[in-house]
Amino acid sequence: MEFYSSQISNLIEQLSRLPGIGAKSAQRLAFHILNMSEQQVAGLASAMTNAKKNVRYCKECCTYTDDELCPICANMRRNHKQIMVVENPRDLAAYEKTGKYEGVYHVLHGAISPMAGIGPEDIRLSELMVRLSGDVDEVIVATNKNLEGDTTATYISKLVKPIGIKVSRIASGVPAGGDLEYIDEITLYRALEGRTYM
Ligand code: ZN
């Protein structure tokens, strides 16, 4: 990219490191940013810096939030005895969009993957176990329907069942290998309704 000045090349390179952004998209975004007003660019830059600085993990469910507790954990009308375990905050958002789930969540920030060297201690499982010492009726495992998600589900089931808490797994309405965030709301709702006990 020698035909661009070093500042433009640097901007393109930084943007191309983002997931799903190839070289072409990075160039398009870079020139879009150069066409924005200084005020708009400052707004974009400070949104990124502030989010990175201020967003933290909810002390209950480990999702991202600005406060000590996320809005779902802080909501006393939610059923705090039902915990749905998801891999990431995007999956949480996907289930929230169905508008039908009244329980709370637990975000693992990943899944167990021996192939990738990700073990149980690398995801937020110990935080889940701490929560289960409280008043909990059911753990719904809604990890993705792939090898890592299934391995994680089996692992959780083995940990939780001996405590005497019900463990269920979302139904296979979710296509195998499917990322939850790309599945439509009705399918997700059916997968939740059709969950089976492990
Ligand atoms: Zn929370």
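These lines cover the structure that appears in this document, whether it is placed above or below. (Residues numbered from 1 in each chain as written. Predicted model: local features only at pLDDT ≥ 70, side-chain atom pairs only at ≥ 80, totals over all residues. Heavy atoms only, no water.)

A closer look at the nonpolar core
Argument step 1. If you look at the biggest cluster of nonpolar residues, it comprises 37 residues, and the most contacted ones within it are Met 84, Val 86, Tyr 95, Tyr 105, Leu 132, Val 139 and Ile 156.
Argument step 2. Counting residues in hydrophobic clusters, the runner-up holds 6 residues, among them Tyr 4, Ile 12, Leu 15 and Ile 33. (Core = buried A, V, L, I, M, F, W, Y, C linked by side-chain atoms within 4.5 Å. Buried < 20%, exposed > 50% of the residue type's maximum accessible area, 1.4 Å probe, protein only.)

A look at the side chain of Thr 98
Argument step 1. Tracing the backbone through its elements, the reader meets Thr 98 in helix α5 (residues 89–98).
Argument step 2. On the basis of relative accessible area, Thr 98 is assigned to the buried category, the value being 12%.
Argument step 3. Among the polar contacts made by the side chain of Thr 98, one reaches the main-chain carbonyl oxygen of Tyr 95 at a distance of 2.6 Å.
Argument step 4. Ignoring any residue separated from it by four or fewer positions in sequence, one finds Thr 98 in contact with Glu 185, Leu 188 and Tyr 189. (Helix = DSSP H or I, 4+ residues; strand = E, 2+ residues; numbered from the N terminus. Polar contact = N/O pair within 3.5 Å; in protein donor to acceptor, adjacent residues only side chain to side chain. Contact = heavy atoms within 4.5 Å.)

Structural notes on the pattern of salt bridges
Argument step 1. Counted according to the given criterion, the structure contains 8 salt bridges.
Argument step 2. Glu 96 serves as the salt-bridge partner of Arg 78, at 2.7 Å between the closest nitrogen and oxygen. Of this pair, Arg 78 sits in the loop between α4 (71–74) and β3 (79–86) while Glu 96 is found in helix α5, placing the two residues 18 residues apart along the sequence.
Argument step 3. Look at Arg 78 and you get buried, because its relative accessible area is 14%.
Argument step 4. Accessibility expressed as a relative area gives 26% for Glu 96, which makes it partly exposed. (Salt bridge = Lys/Arg side-chain N within 4 Å of Asp/Glu carboxyl O.)

A closer look at unusual backbone geometry
Argument step 1. For Cys 62, which is not a glycine, the phi torsion comes out positive at approximately 70°.
Argument step 2. If you trace the backbone, Cys 62 turns up in the loop between β1 (56–57) and β2 (64–65).
Argument step 3. Even without a glycine there, the phi angle at His 109 is positive, about 60°.
Argument step 4. Examined against the element boundaries, His 109 turns out to sit in the loop between β4 (103–107) and α6 (125–131).
Argument step 5. Classification of His 109 as partly exposed rests on a relative accessible area of 23%.

These values are about where atoms sit, not about what they do.
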